Amino acid sequence: MNDKRSVFKDVMNGTAPMQKWDDGFIESNLAKLNVSVEKFLADKSKQKAKVSIRHFIRNYHHKEIFIRSTMLKELESDVPILPMINCGTIKESLVEVVLWASSGFTPSRLHYDAESQLHCLLDGRKDFVLYDPKYADIFKLEETYRGSGAGFCPWNPEIISVYENPKLSKTPWKWATLWPGDCLYVPGGYLHQVRAHGRSWSIAYHWIHSDSASFDDCGSATKDLRLSEADVFWTYAEGDKRIREDIVTASSLRRYLLLLARPTGEISYLKFYHFVIEANENYRDFDEGDIEDPTEVISPQDMFRKISPEGADVIRTEDIESAPEEALQELAKMVTPPHSHEKVRDEL
């Protein structure tokens, strides 16, 4: 795929998610599972909570709640890895598959993601408004965190004024509408705003873009690979996003860190820290003073120093390639959280 957004018609038709995933199937098979849900507030900021699937299914048609979650482990065997992304550098760079589910009219903010994605609609309708990244300065974008490669426009997309922002009227944009079975390719960094209509369920395949893309083997890509069989980094199990247990190894972490270093060839401490807390929330408010024996628990900062050269403020590609196996094994322990016992709120 090149750096241009593209719509692919009907590529999800006939797949298990389109044939099986109605509300009855989801509730009867996953009722007691916990899932993270979100709700847009009046200013388009979001409130988050964790509820049971049963609660979500019975409430999302009349409450403005929606799912934006790493694909549930229990659904992975239904999710196809489409041949168009099961080849070349995309296959090696696929890091996450995301589940979206909502009802009614659900608009997002204008935003951009660090990863490229193929967004595939299973039910309902989705409209995308897209802007080339070269117009980013017009929107006064805010980064998710410094160096994240992702961010959003703080304006409420429903009440933007061209009088207050006169350059908007002269800024070119593109519109794409997805119907069930359709997929949209959105390159990493591309500005987009999404509006979901009706019962809207979709799957988004995320990968980290490479400037040296290759698609030599795409003609022979298998058509029957499932997410449960694929070498994708993230999953959602026991109510939490986490690294898949079968790939929490030194070699897999080395590969993921090399992907994370794209496109600059380095990882800042802030980016490394956010990776750690994404995998293990217990490190979000880490304080060595709370640990009875600090020698038994390594901090994210100490782990960063084990991989980066002494005194360096970034981890470079060559540092990752030469990182000792023991250091990556320690990192594997760090990003493997204990089983969650977080209380589920069946309200939002």
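Residues numbered from 1 in each chain as written. Predicted model: local features only at pLDDT ≥ 70, side-chain atom pairs only at ≥ 80, totals over all residues. Heavy atoms only, no water.

## Examining the nonpolar core
Most often, soluble globular proteins have nonpolar side chains that are buried together. As a reminder, the rule being used: Residues belong to a common nonpolar core when they are buried Ala, Val, Leu, Ile, Met, Phe, Trp, Tyr or Cys residues joined through side-chain atoms within 4.5 Å. Summary of the burial criterion: residues with accessible area below 20% of their type's maximum are buried, those above 50% are exposed, and those between are partly exposed, where the area comes from a 1.4 Å probe applied to protein chains only. The secondary structure listing takes helices from DSSP runs of H or I that are at least 4 residues long and strands from runs of E that are at least 2 residues long, numbered from the N terminus.
Judged by nonpolar contacts, the single largest core of 39 residues is most densely connected at W21, F56, M71, L118, W201, I203 and Y205. Mapped onto this core, the elements with two or more residues apiece are α2 (23-30), β2 (34-40), α3 (53-59), β4 (65-70), β5 (94-102), β8 (116-131), β12 (183-186) and β13 (191-207). Membership of the second largest hydrophobic core comes to 35 residues, among which are L259, F272, Y273 and Y283.

## A few points about the packing of helix α7 (residues 300-307) against helix α9 (residues 325-334)
What counts, and what does not: Here the axes come from fitting lines to C-alpha atoms, over the contacting stretch only for helices, and the angles between their N-to-C directions go from 0 to 180 degrees. Oblique is the label for any angle not covered by the other classes, which are roughly parallel (under 35 degrees), roughly antiparallel (over 145) and roughly perpendicular (65 to 115). It is the rotation of the near helix from the far one that decides the hand of a crossing: anticlockwise by less than a right angle makes it left-handed, clockwise makes it right-handed. Residue contacts follow a heavy-atom distance rule, with two residues in contact if any of their heavy atoms lie within 4.5 Å. Gly is placed with the polar residues, together with every amino acid not listed as nonpolar (Ala, Val, Leu, Ile, Met, Phe, Trp, Tyr, Cys and Pro) or charged (Asp, Glu, Lys and Arg).
The interhelical angle for the contact between α7 and α9, taken along N-to-C directions, is 155 degrees, at an axis separation of 10 Å. Taken together, the axes of α7 and α9 are roughly antiparallel relative to one another. Crossing of α7 over α9 shows left-handed handedness. Residue-level inspection shows P300, M303, K306 and I307 of α7 in contact with α9, the latter providing A327, L328, E330, L331 and M334. Here the contact of α7 with α9 is composed, by residue class, of seven nonpolar, no polar and two charged.

## Quick word on the layout of surface pockets
The probe, sized like a water molecule, is rolled over the atoms to show the empty space still left. Put simply, the rule reads: Put simply, the grid is 1 Å and covers the protein atoms alone, a cavity is a trapped set of points that fit a 1.4 Å probe, a pocket is an open set with protein on both sides within 12 Å along at least five of seven lines, and lining residues have an atom within 4 Å of a point. Grid points are joined across faces, edges and corners, and a volume is the space filled by probe spheres set on the points.
Approximately 360 Å³ is the volume found for the second largest pocket. Lining the second largest pocket are 16 residues, with V129, Y131, P157, I160 and Q193 positioned closest to its centre. Elements supplying a minimum of two residues to the lining of the second largest pocket: β8 and β13. When the residues that make up the lining of the second largest pocket are grouped by side-chain class, the tally is twelve nonpolar, three polar and one charged.

## Topic: the confidence of the model for the protein
Threshold: Known as pLDDT, the predictor's confidence for each residue is given on a scale from 0 to 100.
A residue-level look at the protein finds 88% of positions with pLDDT of 70 or above and a mean pLDDT of 89. Every residue in residues 288-295 scores below 50 in pLDDT, and together they form five contacts with partners more than four places removed in sequence or on other chains.

## Observations concerning α9
Two residues of an α-helix separated by three or four positions point the same way, owing to the 3.6 residues in each turn. Note the cut-off: Note: the arc covers the axis-to-C-beta directions of the helix.
Of all the residues in α9, the buried ones are A327, L328, L331, A332 and M334. Buried residues of α9, seen end-on, are gathered within an arc of 160 degrees and therefore sit on one face of the element. For α9, the exposed residues lying more than 90 degrees away from the buried face are E326 and K333. Packed against the buried residues of α9 are α5 (250-260), α6 (269-279) and α7.

## Quick notes on the environment of L253
Its place among the elements puts L253 in helix α5. Using a relative accessible area of 0% as the deciding quantity, one classes L253 as buried. For L253 and I320, which are 67 residues apart along the polypeptide, the C-alpha to C-alpha distance reads 9.5 Å. With sequence-adjacent residues up to four places away left out, L253 is seen in contact with F233, I243, F275, L328, L331, A332 and V335.

## Considering the packing of aromatic side chains
Counted only if it meets this: Whether two aromatic rings pair depends on their centres lying within 6.5 Å, for rings of Phe, Tyr and Trp, where Trp uses its six-membered ring; planes under 30 degrees apart make the pair stacked, over 60 edge-to-face, and the rest tilted. Two limits define a charge over a ring: the Lys NZ or Arg CZ must be within 6 Å of the ring centre, and within 35 degrees of the ring normal.
All chains considered together, the criterion is met by 16 aromatic pairs. Ring geometry for W173 and W175: centres 6.4 Å apart, planes at 65 degrees, overall edge-to-face. The partly exposed category is assigned to W173, whose relative accessible area is 47%. Through a chain of ring-to-ring contacts, three or more aromatic side chains come together here, namely F233, W234, Y256, Y269, F272, Y273, F275 and F304. Directly above the ring of W234 sits K241, whose terminal nitrogen or CZ lies 4.6 Å from the centroid.

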